[in-house]
Amino acid sequence: MSRKVIIAGNWKMNKNAAEGVALVEALKAKSAAFNDVEIVVCPPFTTIGAVVEAAAGSNIGVGAQNIHWAANGAFTGEISADMLVTSGVKYVIIGHSERRQYFGETDETVNKRLAAALAAGLIPIVCIGELLEEREAGKTEEVLSTQIRGGLANVSAEDAARIVIAYEPVWAIGTGKTATPEMAQAAHAFIRAELAAMFGAETAEAMRIQYGGSMKPANARELVAQKDIDGGLIGGAALDAESFLSLISEAMGC
Ligand code: PEP
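The structure reproduced in this document is the subject of the present report.

Reading guide: rules and limits
Residues numbered from 1 in each chain as written. Predicted model: local features only at pLDDT ≥ 70, side-chain atom pairs only at ≥ 80, totals over all residues. Heavy atoms only, no water. Core = buried A, V, L, I, M, F, W, Y, C linked by side-chain atoms within 4.5 Å. Buried < 20%, exposed > 50% of the residue type's maximum accessible area, 1.4 Å probe, protein only. Phe/Tyr/Trp six-rings, centres within 6.5 Å; stacked < 30°, edge-to-face > 60°. Near = heavy atom within 4 Å. Polar contact = N/O pair within 3.5 Å; in protein donor to acceptor, adjacent residues only side chain to side chain. Areas by Shrake-Rupley, 256 points an atom, 1.4 Å probe, with all protein chains shown as cover. Nonpolar A, V, L, I, M, F, W, Y, C, P; charged D, E, K, R; others polar. Helix = DSSP H or I, 4+ residues; strand = E, 2+ residues; numbered from the N terminus. Pairing = 2+ DSSP bridges. Arc of directions from axis to C-beta. Contact = heavy atoms within 4.5 Å.

1. Some points on the nonpolar core
Right, on to step 1. By size, the foremost hydrophobic cluster in this structure holds 66 residues, and its most contacted members are Ile165 and Leu195.
Right, on to step 2. By size, the runner-up hydrophobic cluster in this structure holds 12 residues, among which are Val40, Ile93, Ile123 and Ala166.

Below, the structure is given as structure tokens:
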């Protein structure tokens, strides 16, 4: 089973519309050379419209960083699936560790957001990962299992095949500390086994699992070369065209 590598840039709360357009224009100038990889950028909500326009006709897809589960209503500050889809968004990050840490996301809210994203035909990128103290206490697998089983509860195998999982050990995000390729591969293999238990081996084999956490040009090749690592969710290294393109090139073994 061959899975298409997916490299997504999570811009977090960076880049206004003009800065986002400049970044996408710079990416577009060279991205056509990478046919075998799905390239995604996830700008802040206010930058999405301009970025969708700038990315039109290129091989760069646009994602959002969050989604609400309700169709509409009194949810100040939230954005619905329909608002994303009609803005030209194709992907959505759900349950990023910063959302879990600072904004009270739980596996239950992840599950509700996921259901809304799937119903709207979006490609969800569901983030999971353990804290440093959980890893040190030998609880990594227990944490991942709870997040997968809670976050992906009540999803059909057909829908599951569309989900991208981003394994992001929290201690590696924005810290410069990367999981070794062996550590990351072991976690990814465990995640795939969990997905197989939930959705069957065939679906689990088709699902893409990204690594995230201080991935950069210097370590992307070795990480993506691992059997169960199907790309990356990139923070800091996605904010600059040269580093993001170079990371993509390394990940693809060019
Ligand atoms: C992230 O926030 O998803 C991430 C992986 O960040 P960084 O690449 O900066 O560690």
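Next, the rest of the story.
2. Focus: the packing of aromatic side chains
Right, on to step 1. Tallied over the full model, the rule gives two aromatic pairs.
Right, on to step 2. Judged by centre distance (6.4 Å) and plane angle (85°), the ring pair of Tyr102 and Phe103 falls under edge-to-face. Note on accessibility: Tyr102 and Phe103 belong to one class, exposed.

3. Looking at the site of the ligand
Right, on to step 1. Lining the immediate surroundings of the ligand are 14 residues, of which Lys12, His96, Glu168, Gly174 and Ser214 lie closest.
Right, on to step 2. One of the side-chain nitrogen or oxygen atoms of Glu168 is found 2.6 Å away from an oxygen atom of the ligand.
Right, on to step 3. In this structure, Gly174 approaches the ligand through a main-chain N or O atom, which is 2.6 Å from an oxygen atom.
Right, on to step 4. Starting from 290 Å² of accessible surface for the ligand in isolation, the protein chains cover 94%.
Right, on to step 5. Each residue belonging to the shell around the ligand can be placed in one class, and the counts come to four nonpolar, eight polar and two charged.

4. Remarks on the pairing of strand 8 (residues 231-234)
Right, on to step 1. Going residue by residue along strand 8, you find Gly231 and Leu233 tucked away on one face and Gly232 and Ile234 tucked away on the opposite face as well.
Right, on to step 2. Strand direction decides the pairing type here: strand 1 (residues 5-10) and strand 8, joined by four bridges, are parallel. Opposite Ile7, over in strand 8, you have Gly232 as the bridge partner.
Right, on to step 3. Across two bridges, the pairing between strand 7 (residues 208-212) and strand 8 is parallel.

5. Some points on unusual backbone geometry
Right, on to step 1. For Lys12, which is not a glycine, the phi torsion comes out positive at approximately 50°.
Right, on to step 2. Relative to the assigned elements, Lys12 resides in the loop between strand 1 and helix 1 (17-31).
Right, on to step 3. A relative accessible area of 21% places Lys12 in the partly exposed class.
Right, on to step 4. Its identity as a non-glycine residue notwithstanding, Lys15 has a phi of 80°, on the positive side.

6. Focus on helix 11 (residues 217-224)
Right, on to step 1. Asn219, Ala220, Leu223 and Val224 are the residues of helix 11 that are buried. Take helix 11 and look down its axis: the buried residues cluster within an arc of 120°, on one side only.
Right, on to step 2. Where the residues of helix 11 are buried, they touch strand 1, helix 9 (181-199), strand 7, strand 8 and helix 12 (241-251).

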